[in-house]
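Spelled out from the first residue to the last, the chains are:
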Amino acid sequence: MTSLQLHHPTHNSSSSPYLLSAFFSPFPLKTLNFRAKKPSRPSPALCALQWNRKPELAGPTPRVAVITSGKGGVGKTTTTANIGLSLARLGFSVIAVDADVGLRNLDLLLGLENRVNYTAIDVLNGDCRLDQALVRDKRWSNFQLLCISKPRSKLPLGFGGKALIWIVDSLKSGPTTPDFILIDCPAGIDAGFITAITPANEAILVTTPDITALRDADRVTGLLECDGIKDIKMIVNRVRTDLIRGEDMMSVLDVQEMLGLALLGVIPEDAEVIRSTNRGFPLVLNKPPTLAGLAFEQAAWRLVEQDSMKAVMIEEEPKKRGFFSFFGG
């Protein structure tokens with residue numbers, strides 16, 4: 001059990017600091033209750049039971065979710081790769097669709113770039129079957145990847161939201177119906193964004209605690225609601241507690257209050273993300289798991305049960321000062 005100590009940026013620095021705790025336990029918590037003194041620890045028997053419990057899939061299947069942000073570089077593709085493999089590790093069948101035409105990167109993060117022979121454009125042109133364009137992961141056979149097009153290729157004029165709906169409907173009516181279809185949305189709000197969100201019925205909005213990403217996320221939220229997507233959850237990525245403590249970064253609670261969205265997960269800044277990206281080995285497969293990997297697994301668990309977490313701010317007890325502290329000790 002770990003905690004993230006964050007300062008409220010709008011609070012006076014001379015007053016008592018605040019504590020924002022986010023538990024990355026093996027089971028989701030609807031509301032996080034914190035104590036200022038000593039938090040109660042779950043018993044080892046309870047932890048073992050929760051580890052052995054499989055999350056209950058909520059809602060009709062297959063569930064089609066689009067991972068979007070508006071601003072580029074906030075971690076959409078990283079979130080898609082880690083959430084998708086976390087769902088596969090939980091026993092659910094997942095198909096990840098890389099809808100970023102010409103700038104696809106999901107195959108690189110998954111280490112499947114050398115196995116992509118056909119794409120969805122080849123399926124629409126009649127060059128191959130849909131099952132031939134699906135790339136099955138060797139580590140988890142219930143995870144498959146579908147790329148819309150090849151790198152450095154342009155989107156055909158006839159490809160749009162209706163074509164992606166036809167592809168998603170074909171995946172639903174295939175021999176094995178997946179539990180989740182995750183669509184990695186391109187950056188921006190142009191035609192690629194409109195095409196990616198068309199077949200989705202729920203959305204995961206990835207953002208970082210900076211004003212540029214939050215303004216784009218607020219704009220994207222309005223476009224998603226106009227398109228009829230009401231189930232929108234938020235993942236706050238690249239959270240740094242040292243900057244929040246120094247009031248140089250907004251807290252998670254401030255981000256949640258600004259966007260008004262349900263919080264699916266909080267991903268701390270982790271240097272292991274860059275290493276796993278360069279190796280084509282998703283972060284959730286690392287052993288021992290890192291803090292960011294556990295956060296992605298928790299977000300996947302909440303996604304399965306259509307749950308959310310809640311950030312709560314409480315005052316932290318001031319540190320006790322001893323006698324020698326007056327002499328600089």
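Here the structure is shown first, and the text comes after it.
What comes next concerns the included structure.

Scoring rules and cut-offs
- Residues numbered from 1 in each chain as written.
- Predicted model: local features only at pLDDT ≥ 70, side-chain atom pairs only at ≥ 80, totals over all residues.
- Heavy atoms only, no water.
- Helix = DSSP H or I, 4+ residues; strand = E, 2+ residues; numbered from the N terminus.
- Buried < 20%, exposed > 50% of the residue type's maximum accessible area, 1.4 Å probe, protein only.
- Contact = heavy atoms within 4.5 Å.
- Areas by Shrake-Rupley, 256 points an atom, 1.4 Å probe, with all protein chains shown as cover.
- Pairing = 2+ DSSP bridges.
- Axes fitted to C-alpha atoms, helices over the stretch in contact; angles between N-to-C directions.
- Left-handed = near helix turned anticlockwise from the far one by under 90°.
- Parallel < 35°, antiparallel > 145°, perpendicular 65-115°, else oblique.
- Nonpolar A, V, L, I, M, F, W, Y, C, P; charged D, E, K, R; others polar.
- Phe/Tyr/Trp six-rings, centres within 6.5 Å; stacked < 30°, edge-to-face > 60°.
- Lys NZ or Arg CZ within 6 Å of the ring centre and 35° of its normal.
- Core = buried A, V, L, I, M, F, W, Y, C linked by side-chain atoms within 4.5 Å.
- Expected span 1.5 Å × (residues − 1).

### Looking at the overall build of the protein
If you tally the helices and strands in the protein, you get twelve helices and ten strands. Out of the 329 residues in the protein, the part that is buried amounts to 51%. Looking at the protein alone, contacts between residues at least 24 apart form 77% of all its contacts between residues at least 6 apart. As displayed, the protein offers around 16200 Å² of accessible surface, 53% of which is attributable to carbon and sulfur atoms.

### Regarding the pairing of strand E7 (residues 202-207)
Remember that side chains alternate between the two faces of the sheet whenever the strand is regular. Extensive coverage of E7 is indicated by the burial of six of its six residues. Residue alternation in E7 divides its side chains into two sets, Glu202, Ile204 and Val206 and Ala203, Leu205 and Thr207, and both sets are buried. Of the strand pairs in this sheet, strand E2 (residues 63-68) and E7 are connected by four bridges, and their pairing is parallel. The residue bridging Val66 from the neighbouring strand is Ala203, located in E7. As judged from the six bridges shared by E7 and strand E8 (residues 231-239), these two strands associate in the parallel manner.

### A short note on the environment of Gly280
With respect to the element layout, Gly280 can be found in the loop between helix H11 (272-279) and helix H12 (291-304). Under the relative-accessibility criterion, Gly280 is labelled buried at 9%. The sequence separation of Gly280 and Asp107 amounts to 173 residues, and the corresponding C-alpha distance is 8.3 Å. If we ignore the near neighbours within four places in the chain, the residues touching Gly280 are Leu108, Leu109, Leu110, Gly111 and Arg139.

### Re the packing of helix H8 (residues 211-226) against helix H10 (residues 252-259)
Where H8 contacts H10, the axes come no closer than 10 Å and their chain directions differ by 35°. Like other packed secondary-structure pairs, H8 and H10 cross with a definite hand, here right-handed. Along the contact surface, H8 presents Leu214, Ala217 and Asp218, while H10 presents Val255, Met258 and Leu259.

### Structural notes on the environment of Val94
With respect to the helices, strands and loops of the structure, Val94 is situated in strand E3 (residues 94-98). On the basis of relative accessibility, which here comes to 1%, the residue Val94 falls in the buried class. Residues Val94 and Pro62, spaced 32 residues apart in sequence, show a C-alpha to C-alpha distance of 9.3 Å.

### Comments concerning the sheet that holds strand E4 (residues 135-136)
Strand order in this open sheet of eight strands is E4-E5-E3-E6-E2-E7-E8-E9, and the pairing throughout is mixed. The open sheet has two free edges, formed respectively by E4 and strand E9 (262-268), since each of these has just one partner strand. Two elements, E3 and strand E5 (residues 143-147), share five bridges in a ladder whose sense is parallel. Looking across to E5, one finds that Ile95 is bridged to Gln144. The sheet contacts of helix H6 (residues 161-172) involve E2, E3, E5 and strand E6 (180-184), and relative to E6 the element is tilted by about 155°.

### Concerning the packing of helix H2 (residues 76-89) against H12
Direction vectors running N to C along H2 and H12 enclose 65°, while the axes themselves pass 9 Å from each other. The pairing of H2 with H12 is recorded here as roughly perpendicular in orientation. Regarding H2 and H12, the two cross each other, and that crossing is right-handed. Seen from H2, the contacting residues are Thr78, Thr79, Asn82, Ile83, Ser86, Leu87 and Arg89; seen from H12, they are Phe296, Glu297, Ala299, Ala300, Leu303 and Val304. Class assignment for the residues of the contact of H2 with H12 results in seven nonpolar, four polar and two charged.

### Let's talk about the pairing of E3
Burial runs high along E3: five of the five residues are buried. Of the two faces of E3, the one holding Val94, Ala96 and Asp98 and the one holding Ile95 and Val97 are both buried throughout. With five bridges connecting them, E3 and E6 associate as parallel partners. Bridge pairing in E6 places Ala96 opposite Leu182.

### So, the packing of aromatic side chains
Evaluated as defined, the whole model comprises one aromatic pair. A cation sits over an aromatic face here: Lys54 above Phe92, 4.8 Å from the ring centre.

### Section: the side chain of Thr80
Within the secondary structure, Thr80 is located in helix H2. Setting aside its immediate chain neighbours within four residues, Thr80 contacts Ile67, Leu106, Leu182 and Asp184.

### Observations regarding the nonpolar core
Grouped burial of nonpolar side chains is what soluble globular proteins tend to show. Ranked by internal contacts, the top residues of the largest apolar core, which has 48 residues, are Val97, Leu146, Ile148, Leu171, Ile183 and Leu224. In terms of residue count, the dominant contributor to this core is H6 (five residues). In this view, Leu146 contacts Ala96, Val97, Asp98, Ala120, Leu130, Ala133, Leu134, Ile167 and Leu171; residues no more than four positions away in its chain are not counted. Ala65, Leu109, Val116 and Ala295 belong to the second largest nonpolar core, which has 38 residues in total.

### Some words on H12
Between its first and last C-alpha, H12 extends 20 Å over 14 residues, near the 20 Å set by a 1.5 Å rise per residue. With twelve of its 14 residues buried, H12 lies for the most part within the structure. The set of residues buried in H12 consists of Ala292, Gly293, Ala295, Phe296, Glu297, Gln298, Ala299, Ala300, Trp301, Arg302, Leu303 and Val304. Looking one or two places after H12, you find Gln306, whose phi comes out positive at around 50°.

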